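Residue-level structure breakdown
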Amino acid sequence: MSKSKNMVYKAIDYFIFIVLVMLLLIFILRPIYAIIRTSFILDGKFTLDIYRNLFRDNIRLIKNSLFVATLTTIISVIISINVAIYVSLSKGRIRKILILLLMLTMISPPFLSSLAYIKLFGRRGFITHDILGLTLNTYGWQGIVSMQSLSSSSMNAFILTGIINRIDKDIIKSSLDLGANTSYTIRKIILPMMKPGILNVALLTFVRSLSDFGTPMTIGGAFNVLATQAYLNVIAYSKMELAAAICVLILIPAAIAFTQYRIFSRKNVLYTQNTIANEMLDEDQDESIKPKGPLWRFIQIFASLFLFTMIIQYLTIFLTSITQYSYGKMYFTIEHFVHLRKYLGDSFIRSITYGFITGICGGILSFFTSYYVEIRKFRASRLLDFVVTLPSIVPGVFMGIAYILAFNNKPLELTGTSAIVILNIMFRQLPSNTRVYNANLSQIGTQVADAGKDLGAPSIYIVKDILFPMSKTAFMTNFVNNFKNTMTTVGAIIFLVYPGKKLATLEMFSAIREGKYGVGAAASVTIILITLTINILMSRLIMRWKNVR
Amino acid sequence: MFVKLENVTKTFNEVVAVDQLSLEINKGQILCLLGPSGCGKTTTLKSIGGFLRIDGGRIIIDGEDITNMPPEMRPTSTVFQSYALFPHMTVLQNVIYGLKFKGYSRKEAIKKGEEYLEIVGLLPYRNRNVQQLSGGQQQRVALARALVVTPKVLLLDEPLSNLDAKLRVKMREEIKDIQSKLGITMIFVTHDQEEALHIADVIAVMNEGKLEQLGTPREIYCNPKSKFVLDFIGNSNVIEENSGAISFVRPEEIIMDRHEGNICGKIVKKTFSGPYISYVVQTDNNILNVQAQNTGNEEFEMGEYVYLTFKERHIHLKKHSSV
């Protein structure tokens, strides 16, 4: 190959790398810097007053938040441990249904459980009002805790199931083989091996609860929490510095959770819901493990109750979307969907479009990130790796507010544009996307890349001919995840979306806030159907690729 | 000298993987880097291929110093242990991949690729996806892919370690055949001494990053220069001489007879291994391993007293030079 051609290739290589680093600096570090800075600066001077005021004026909210988060964490961890053990050790139809429902929650929009709660236990709730004849005020911390626990439990059960699955099944078998019964094996083998995972799940739940403003706003009634305050400070009162300080506060437990995760996983753990779910469905449980005994009974009952609750929840949403009350009578209608089409069609189309853009652009971005960090491994790659993981540490609200603060003036005035929303989703997804690529590339990538180099291929050819085509399954997995995220996310983008450019989840949020529960439910069902369709289509494609191999 | 390593040194976090290694081979020879795991043989190979940057020394191929060249510019190509085939490409696409960067047109590349697939006997498989091939076939694709770019030196990193025993023997024959057909220089890493003895023109026995001995298979086997090489290559009976030197005799170099011989001993163990039978014989001073051909005629029994004669006895090692 000629020298000059080689120079050109090198230049392209450097160019891509520099662009990548700049993107990471601008869209990850800059917003985080902006939000932290805002929380310490009043009238251009450094001060701790904002925090002082925060603690003085909002001590009740802080207590509320900690109370709800702690309770939610405990309940959710207990539920998810039981469900995860059940899913991992049982076989048969109930297990399959449970896994499918868990997968369904992964693609469901937030507030779905809150909506179900309102319909069942609210002032006019089906159970409280229609069956029991009560008119209760059930809005308060009880509702928040139950709904946060329920929705966290699915996610947690997923993660924990993944962890149990990684335990060598022969370890469990040998415990049984050595004469231990199921209860003893669960207590002495499975639970201890899950411990780091449980701790991580607990920390994540805690952070998620702290930063959730949607649930308290829909079913909290008069019960207020810190995250709601942050939301209102931005949306209603424009007190950015206070909102920033609240976010920085929530960052502390989040950083602890992250550190623990890093120590425990050494970044090998893949929390990709898709892969875990597929593994779980594919692999039929080993015939030789036959769990029994009182502890197993307990787990079974627990998991069944959870399953029952989930079914009720989805049934409620589905029925709400196709029924209407009139003079105390319920009748079927498609009116909610008609309303959706008429008034909110644009938002759905926008959501889908954004979903495709984040799916494709996010895939490319994370591919190059993974390539430079994992395959090329240069001196500063660890530092770069850390920057890439930052978005997974900070809660959604944090990143949303951070983006407003970072991009509200020149030279990068992005507030109000579609770009800021898409960029936000993309960079928030970057850590998990990159992990998918890393897992894919680090297995065979390094040696295959070496082989390419050995045969005389310049770096950009190795990327173009070998690594990119080789990792198309990872690309699709990321595409599906990003699409799903765009369809269901609220936390970060609620601050970034302008009224004229709403997304589907935000319309759903407004509908619930305005008491249009039927429309909210119809929106939920539609979001689930769209996401499900894309999921199934892409999974088919991935399966086909795998079979061709 | 066609390939020359001069004081090549490579350290990883202060652990010396290759220590002042120097060796030379001629054009068209097969060099085997042989040694236990962790002896630095793969590190040496990767340094020659350019995948590792050495900390000291020089690597020269065909008179050209390639020490600081990136892998894509070096006149070497590698058959990787995992084959590192491009999983999304067909057999032919894999093989001709490197030709693109040598300025071949697509048509010429295909012609040349098919020529090499013919050599490794895979031409009928050219449009298969590489993942549909068996281990031995994948190995051949890797070989063809590395050969087609006509490297000055072909590097093979434990290429046969993923194959089963029978296929391993077959493939090493094929590699030797291909080598003699094309006259290419090869450097072959293995931890399997039998493989090395079989395939190599020159063996470099390595231990803890250092070269223990460089020589033909016969030299290495018959005249080991150190205790390490003696222990590592083949089985042997070490006998301490009165002079203080150590001599050794290979188990197959001992003749066993019921009536005549130099030393008398008792058979304390007998193991049937198919083509030969191994005995352990207790003499007055020693315990000796003896290997007898399984001719189907004469066998000795446990507890029997026998006479032993050493066909050959190698006295090379001074006692103090050992260990």
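Here, every reference points to the structure presented above.
Residues numbered from 1 in each chain as written. Chains lettered and ligands numbered in written order. Predicted model: local features only at pLDDT ≥ 70, side-chain atom pairs only at ≥ 80, totals over all residues. Heavy atoms only, no water.

To continue, consider the overall build of chain B. Counting its secondary structure elements, chain B contains eight helices and 18 strands. C-alpha extents for chain B along the principal axes are approximately 75 × 45 × 30 Å. Counting over 323 residues, chain B shows a buried share of 50%. Expressed as a percentage of contacts within chain B between residues at least 6 apart in sequence, the contacts between residues at least 24 apart total 63%. On chain B, roughly 15,300 Å² of surface is accessible, and the fraction owed to carbon and sulfur atoms is 46%. Positive and negative side-chain charges of chain B, numbering 38 and 39 respectively, have mean locations separated by a distance of 7 Å. (Helix = DSSP H or I, 4+ residues; strand = E, 2+ residues; numbered from the N terminus. Buried < 20%, exposed > 50% of the residue type's maximum accessible area, 1.4 Å probe, protein only. Contact = heavy atoms within 4.5 Å. Areas by Shrake-Rupley, 256 points an atom, 1.4 Å probe, with all protein chains shown as cover. Lys, Arg positive; Asp, Glu negative; His and termini not counted. Charge placed at Lys NZ, Arg CZ, Asp CG, Glu CD.)

Another aspect to go through is the pairing of strand E10 (residues 210–215) of chain B. Residue and element names in this part refer to chain B. Judged from the five bridges that link them, strand E9 (residues 202–207) and E10 form a sheet pairing that is antiparallel. Its bridge partner being in E10, Ala204 is matched across the sheet by Leu214. Hairpin connection, E9 to E10: the antiparallel pair is bridged by two residues, and Glu208 has positive phi, about 50°. (Pairing = 2+ DSSP bridges.)

A few words now on unusual backbone geometry. All names here are of chain B. Phi is positive for Asp62, which is not a glycine, with a value near 50°. Relative to the elements of secondary structure, Asp62 occurs in the loop between strand E4 (56–61) and strand E5 (64–65). By relative accessible area, which is 40% here, Asp62 ends up partly exposed. With a phi angle near 70°, Tyr83 is a residue other than glycine that sits in the positive phi range. Within the fold, Tyr83 resides in the loop between strand E6 (76–79) and helix H2 (91–96). You can call Tyr83 buried: its relative accessible area is 4%.

Here we take up the nonpolar core. Judged by nonpolar contacts, the single largest core of 201 residues is most densely connected at Ile401 and Phe427 of chain A. The element contributing the most residues to this core is helix H18 (residues 418–454) of chain A, with 14 residues. What Ile401 of chain A contacts, discounting residues up to four positions off in sequence, is Ile35, Val234, Met240, Ala243, Cys247 and Phe495 of chain A. Phe2, Leu21, Leu31 and Leu45 of chain B belong to the second-largest nonpolar core, a separate cluster that totals 24 residues. (Core = buried A, V, L, I, M, F, W, Y, C linked by side-chain atoms within 4.5 Å.)

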